[in-house]
Amino acid sequence: MPMPLKKKYTADEFLKMELPERCELINGEIYIGEESEKYDPNAGRTVSLSAPNQLHQRISRELLFSITDYIRRNKGGCEAFNAPSDVKLDDSTIVQPDIFVTCRPDRLDGQFHNGAPDWIIEILSPSTLRKDFSIKLSLYKSHGVREYWIVDPIDSRVIFYWFENGGITELYTFSDHIPVHIYKNAEPPLTIRLADNL
């Protein structure tokens, strides 16, 4: 499981460091991504990171394709990005969600998405389980993310959080047609069935 470091860093300090690609700064603490240990930037060493496994990559690809295809077909104003793309939530937090959708192009500056995206998707791995269910869940809710999906490849399920209007939590399987709440009032609405393409 990724572990935070003891020293707190600002976003500016974090961005000046030579770090592996899949690093995140969460409340001033540095976390390393998939299948790796904590990272100490003062140790003067590099860390070898394994890439996400193939199922993770298939899920990410299919979700990104479904979302992007829907936006294009409906001439929508939102845009989808996949990791590694930086989301700067505040001066002590820069994350790289597996996928995020923003409907605020004014928050894109060529390097970062500044502030909370509308929708974030994280795909679980054993090393990110605690971070995605606890730290990031709280972080995304407090910063104003509207919709958050945690995709669990092992149990073939999606845990869905809709933070607007008091919050809703729902559980879906990959065989379900999962409604996307940021598009629930669109015509046509977007639903995703992961079992169709895996």
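Before any of the text, the structure's been laid out above.
Report follows, based on the coordinates. Predicted, not measured: the structure shown is a model, and the values here were computed from it. (Residues numbered from 1 in each chain as written. Predicted model: local features only at pLDDT ≥ 70, side-chain atom pairs only at ≥ 80, totals over all residues. Heavy atoms only, no water.)

### Here we look at the packing of aromatic side chains
Selection rule: Pairing of aromatic rings covers Phe, Tyr and the six-membered ring of Trp, with a centre-to-centre limit of 6.5 Å; geometry is then stacked below 30 degrees between planes, edge-to-face above 60, and tilted otherwise. The way it works is that DSSP assigns letters per residue, a run of H or I at least four long becomes a helix, a run of E at least two long becomes a strand, and they are numbered from the N terminus. The buried label goes to any residue with under 20% of its type's maximum accessible area, the exposed label to any with over 50%, and the partly exposed label to all in between, with areas taken from a 1.4 Å probe on protein chains only.
According to the stated counting rule, one finds seven aromatic pairs in the structure shown. With centroids separated by 5.0 Å and ring planes inclined at 65°, the aromatic side chains of Trp119 and Trp149 adopt a geometry described as edge-to-face. Of the two residues, Trp119 is situated in strand β8 (residues 119–123) and Trp149 in strand β9 (residues 147–152); the sequence distance between them amounts to 30 residues. Taking the relative accessible area as the measure of exposure, Trp119 reaches 0% and is therefore buried. Taking relative accessible area as the criterion, Trp149 reaches 0% and is therefore assigned buried.

### Describing the nonpolar core
Operational definition: In plain words, nonpolar cores are sets of buried Ala, Val, Leu, Ile, Met, Phe, Trp, Tyr and Cys residues tied together by side-chain atoms within 4.5 Å. Residues count as neighbours in contact if any of their non-hydrogen atoms are within 4.5 Å of one another.
Core analysis: the largest hydrophobic core is formed by 27 residues, its most contacted members being Leu63, Ile67, Trp119, Trp149, Val151, Tyr183 and Ile192. Within the residue set of this core, elements represented by two or more residues are α2 (54–73), β6 (99–102), β8, β9 and β10 (157–162). The element that contributes the greatest number of residues to this core is α2, accounting for six residues. What Val151 contacts, discounting residues up to four positions off in sequence, is Ile59, Leu63, Ile121, Glu122, Ile123, Leu124, Arg157, Val158, Phe174 and Leu194. With 19 residues, the next largest nonpolar core counts Ile26, Leu89, Leu137 and Tyr140 among its residues.

### Quick notes on α2
Let me state the cut-off plainly: A helix is expected to span 1.5 Å for every residue after the first. Any pair of N or O atoms that falls within 3.5 Å is considered a polar contact. Within protein, one atom must be able to donate a hydrogen and the other to accept it, and sequence-neighbouring residues count only if both atoms are side-chain atoms.
Over its 20 residues, α2 extends 28 Å from the first C-alpha to the last, a length consistent with the 28 Å expected when each residue adds 1.5 Å. What α2 keeps buried is the set His56, Ile59, Ser60, Glu62, Leu63, Leu64, Ser66, Ile67, Tyr70 and Ile71. Next to the buried residues of α2 lie β3 (79–82), β6, β8, β9 and β13 (191–192). Its side-chain oxygen placed 3.1 Å from the backbone nitrogen of Leu55, Asn53 serves as the N-cap of α2.

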